[in-house]
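# Fold and contact review
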Amino acid sequence: MADQLAQWWRPYRELIGSRVRSQTAYRRSFALDVLGSAAVGVVEFAEVYIIFSNVDALGGLDFAGVALIFALANLAFSLADLVVGHLDELPRYLRTGTLDAFLLRPLPVLAQLVTSDISLRRLGRTAVSMIILAIALPLNDIDWTAGRIVLVGVAPIAGAAIFAALFVCAGAVLFWLIEGAQFSHAFTYGGNYAATFPASIFAMPMRVFFTFVIPSAFVAYLPTLVLLDLPGPPGLPQWLGWCTPLAAVGIWAIALLSWRAGVRHYTGAGS
Amino acid sequence: MIISVQDLRREFVVRSPIGRLKRERRVVNAVDGLSFTIERGAAVGYIGANGAGKSTTIKMLTGILVPTAGTVRTCGLEPVADRKSLARRIGVVFGQRSQLWWDLPLAQSYRALAAIHRLRESEWTARRDELVDRLDLGSFLDTPVRQLSLGQRIRGELAAALLHSPELLILDEPTIGLDVLSKERLRVFLGEQRSSHGTTLLLTTHDMDDVQRLCERIIVVDKGRMAYDGTLPGLVERVGAQRVMTLDLHQPSEPLAGIPGTHVVDVEPDGLRQRLAFSPTETTAASVLAAVSTRTDVRDLAIDEPDIEDVVRRLYLSATPN
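## Considerations on the overall build of chain A
Within chain A, the secondary structure is distributed over 12 helices and zero strands. Shown N-terminal to C-terminal, the secondary structure of chain A runs as helices and strands in the order α-α-α-α-α-α-α-α-α-α-α-α. Against the compact-globule benchmark of 18 Å for 271 residues, chain A has a radius of gyration of 19 Å, which places it among compact chains. Residues classed as buried in chain A amount to 42% of the 271 residues present. A fraction of 77% describes how many contacts in chain A between residues 6 or more apart in sequence connect residues 24 or more apart.

Right, here's the structure in full:
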């Protein structure tokens, strides 16, 4: 069983390994890239900090609560960005014929695309989010039950899966809209921006949109409601906070179907 | 039968803007009813002008593109539906597009490809050593691909496509841009692979020498339709393509008119260099030379073979009604 798994994993291990080696070959430039990515995380957090130097509460949450949302959302986003953030470069893969090369190898196209450019520099942002999370958790008054401990571990992973699925959906759209990278960013980076703030600050239609259409509220806001034992705003009951993994499964199903349709469009099998 | 194509069609919808907002929608038949089969172990040249449908056919044979109509079987498989199984059994080289990782040295690329094809360690290292030896890759195996010369890169690509010992090797303009020596080495290597491993070769090319040296059969396509399927001498005969003998003479001479089976193409003003065209079916280079020698002293000569563009152009012209 373990042997079979190792065999299955072997091509991916080799591909990811080769990416890691090529990215870390120039140590100083890699270190600068990591620092740059960390700086992005710090600047984004500064925005939250500035807002709270003017107001005491945002969407029913204090600074510690919003910092927790920010940390969970950014951790999830930076992990997704690390693994699949380059999917918006699909048009370049199409132009240079790299996608044809993928089609000539006995592996799924999406798996090859994902492993073709893992961006380790984005770990800088992951590190910043983890530090903010480590500070924000004790700042909040959390009643630590077993369920909540599991939730803190699961939420960033399921959240990363949600963002990754959004990247895949946005990438799939690019099979049709060759120049549509900006359009697809609206969903990925836009989804990230929406996830770093409490969904309760949005008007009702936006709140529904960022929960049930683009499920970014599931990444951080809803789990935070559970952790802090807060009632949700109208339309978003607290128990939804437990459903982040379900939201991830749901959006992944859509992502894989869209991707399949995209590849079929490229090979001319679909419409 | 390693390739079997039956009434194959592929349409593309081309949208071109007319005016500011309107777009014209036009259907182009890139491949329009092709049928042919290729025997296992054969070497076939697939020839045609740019836009004749060569690349489209190759994409349908390899599973990159779905046919609009008709059937394709490559290695007995349906290319798009069985894409992954087919990928294990064929190798493809695009002369103008790299399938290697530009930032990796060849040695690491081969390791990654072996993992992708799930080849056993002992199996692929032996094959790699053979390819490194035959293609003479040893001196640049650890250089990142982006730093290789074109000739080195193509050899690297070829080894990459052959690492998993495919039954069928498809080459799309493999010798384009290479110097004469590199082209020759590549041809020798391909011939060897074919005789030692029984690899079937299908190549598209603009280079007549590629076809002459490697292929016993050629297929010519024109506007997505079959224009010729047979041997190269057969094609040359059919279009009446001519060889041209360039003669450098010792003394200025009168134009060499009237040599049986030839006509004078041009005479340089001093009469020292003259060109005669002749059809290989009517006379031979030796008898032309013998006839010329009775009239004047020949210092040097060169023979130009009909070039593929010319042959194909003639074929296209003869195929067009009126």
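Text resumes after the structure shown.
## Some remarks on the overall build of chain B
Counting its secondary structure elements, chain B contains 10 helices and 13 strands. Summarising its shape, the C-alpha atoms of chain B cover approximately 70 × 55 × 45 Å along the three principal directions. The buried share among the 322 residues of chain B stands at 40%. Long-range pairs, those at least 24 residues apart, make up 69% of the contacts in chain B with a sequence separation of at least 6.

## Quick look at the sheet that holds strand β2 (residues 23-38) of chain B
Residues and elements named next belong to chain B. The three strands lie next to each other as β2-β1-β4, forming an open sheet whose pairing is antiparallel. Edge positions in the open sheet fall to β2 and β4 (69-74), since each of these has one partner strand only. Neighbour-to-neighbour, the strand axes of this sheet turn through a mean angle of 35 degrees, independent of strand direction. Sheet topology places strand β1 (residues 3-17) next to β2; 13 bridges connect them, and they run antiparallel. Across the sheet, residue Val 14 finds its bridge partner in β2, namely Arg 26.

## Observations regarding the pairing of strand β13 (residues 298-304) of chain B
Residues and elements named next belong to chain B. Little of β13 is tucked away, with zero of its seven residues classed as buried. Here six bridges tie strand β10 (residues 243-249) to β13, and the two strands are oriented antiparallel to one another. Looking at the pairing, Val 244 lines up with Asp 304 of β13.

## What about the domain arrangement of chain B?
Frequently, the measure chosen for interface size is the accessible area that the parts lose on association. In terms of domain boundaries, chain B breaks down into domain 1 (3-237) and domain 2 (242-305). Domain 1 of chain B and domain 2 of chain B are separated by 40 Å when their C-alpha centres are compared.

## Some remarks on the packing of helix α3 (residues 63-84) of chain A against helix α7 (residues 123-139) of chain A
Residues and elements named next belong to chain A. Interhelical geometry of α3 versus α7 gives an angle of 155 degrees and a closest axis separation of 8 Å. Here α7 runs roughly antiparallel to α3, going by the angle between their axes. For the pair α3 and α7, the sense of crossing is left-handed. Together, Ala 64, Ala 67, Leu 68, Phe 70, Ala 71, Leu 72, Asn 74, Leu 75, Ser 78, Leu 79 and Leu 82 of α3 and Leu 123, Arg 125, Thr 126, Ser 129, Met 130, Ile 132, Leu 133, Ala 136, Leu 137 and Leu 139 of α7 make up the contact between the two elements. Among the residues forming the contact of α3 with α7, the class breakdown is 16 nonpolar, four polar and one charged.

## Comments concerning the packing of α3(A) against helix α11 (residues 221-228) of chain A
Helix-helix packing: each pair is described by the crossing angle between the helix axes and the interaxial distance. Residue and element names in this part refer to chain A. The contact between α3 and α11 brings their axes to 9 Å, and the two run at 135 degrees. In terms of axis orientation, α3 runs oblique to α11. Where α3 crosses over α11, the two elements pack in a sense that is right-handed. From α3, Gly 65, Leu 68, Ile 69 and Leu 72 reach across to α11, where they touch Tyr 221, Pro 223, Thr 224 and Leu 228.

## Structural notes on the interface of chain A and chain B
Between chain A and chain B, the contact holds 18 residues from the first and 24 residues from the second. Within the residue set of the side of chain A that touches chain B, elements represented by two or more residues are α1 (2-23) and α5 (98-103) of chain A. Considering every element that reaches the side of chain A that touches chain B, the biggest residue donor is α1(A), with seven residues. A breakdown of the residues in the side of chain A that touches chain B according to their chemical character gives eight nonpolar, six polar and four charged.

## As for helix α3 (residues 106-116) of chain B
For an α-helix, 3.6 residues make a turn, and residues three or four places apart therefore share a direction. Taking burial as the measure, the 11 residues of α3(B) include 10 buried ones, the bulk of the element. Summarising the contacts, the buried residues of α3(B) are in contact with α1 of chain A together with α4 (121-135) and α5 (150-162) of chain B. Directly beyond the C-terminal end of α3(B), a positive phi value near 50 degrees is found at B:Arg118.

## Some details on the sheet that holds strand β5 (residues 90-94) of chain B
All names here are of chain B. Judged by pairing direction, the sheet is mixed, and its six strands sit side by side in the order β5-β6-β7-β3-β8-β9 without closing on themselves. Each edge of the open sheet carries a strand with a single partner, namely β5 and β9 (225-230). Across the sheet, the mean angle from the axis of one strand to that of its neighbour is 15 degrees, orientation sign disregarded. Of the strand pairs in this sheet, strand β8 (residues 217-222) and β9 are connected by five bridges, and their pairing is antiparallel. Directly across from Asp 222, in β9, lies its bridge partner Arg 225. The sheet strands contacting α5 are β5 and β6 (168-172), and the helix crosses β5 at an angle near 160 degrees.

## Considerations on unusual backbone geometry
Its identity is not glycine, yet A:Asp229 carries a phi of approximately 55 degrees, on the positive side. Its location among the elements puts A:Asp229 in the loop between α11 and α12 (244-267). Residues other than glycine seldom take positive phi values, yet B:Ser165 does so here, at roughly 45 degrees. Relative to the elements of secondary structure, B:Ser165 occurs in the loop between α5 and β6. On the basis of neighbour counts, which here come to 18 C-beta atoms within 10 Å, the residue B:Ser165 falls in the partly exposed class.

## Regarding the pairing of β8(B)
Residues and elements named next belong to chain B. Sheet topology note: the strand β3 (residues 43-47)/β8 ladder contains four bridges and is parallel. Looking at the pairing, Ile 47 lines up with Val 220 of β8. With antiparallel pairing between neighbouring strands as the criterion, β8 and β9 make up a hairpin whose turn holds two residues, including Lys 223 at a positive phi of roughly 50 degrees.

## Quick word on the confidence of the model for chain B
Detailed reading of predicted coordinates is not advised where the pLDDT is low. Across chain B, the average pLDDT comes to 88, with 99% of residues at 70 or higher. In the model output, the complex is listed with pTM 0.85 alongside ipTM 0.83.

## Quick notes on the environment of A:Leu110
Counting through the fold element by element, A:Leu110 comes out in helix α6 (residues 109-115). Along the sequence, A:Leu110 and A:Pro231 sit 121 residues apart, while their C-alpha atoms lie 40 Å from each other.

## Side note on the environment of A:Pro215
All names here are of chain A. In this fold, Pro 215 is placed in the loop between α10 (204-213) and α11. Each C-alpha atom, one on Pro 215 and one on Leu 61, is 20 Å from the other, the two residues being 154 residues apart in sequence. Apart from the residues lying within four places of it in its own chain, the contact partners of Pro 215 are Ile 162, Ala 247 and Ile 251.

## Re the environment of B:Arg26
Residues and elements named next belong to chain B. Along the chain, the position of Arg 26 falls in strand β2. On a C-alpha basis, the gap between Arg 26 and Phe 12 in space is 8.3 Å, while along the polypeptide they are 14 residues apart. Those residues in contact with Arg 26, other than ones at most four positions away along the chain, are Val 14 and Ser 16.

Calculation rules
Residues numbered from 1 in each chain as written. Chains lettered and ligands numbered in written order. Predicted model: local features only at pLDDT ≥ 70, side-chain atom pairs only at ≥ 80, totals over all residues. Helix = DSSP H or I, 4+ residues; strand = E, 2+ residues; numbered from the N terminus. Rg over C-alpha atoms; globule rule 2.2 N^0.38 Å. Buried ≥ 20, exposed ≤ 12 C-beta atoms within 10 Å, placed from the backbone. Contact = placed C-beta atoms within 7 Å. Pairing = 2+ DSSP bridges. Axes fitted to C-alpha atoms, helices over the stretch in contact; angles between N-to-C directions. Domains from an automatic or database assignment. Parallel < 35°, antiparallel > 145°, perpendicular 65-115°, else oblique. Left-handed = near helix turned anticlockwise from the far one by under 90°. Nonpolar A, V, L, I, M, F, W, Y, C, P; charged D, E, K, R; others polar. pLDDT = per-residue confidence, 0-100.

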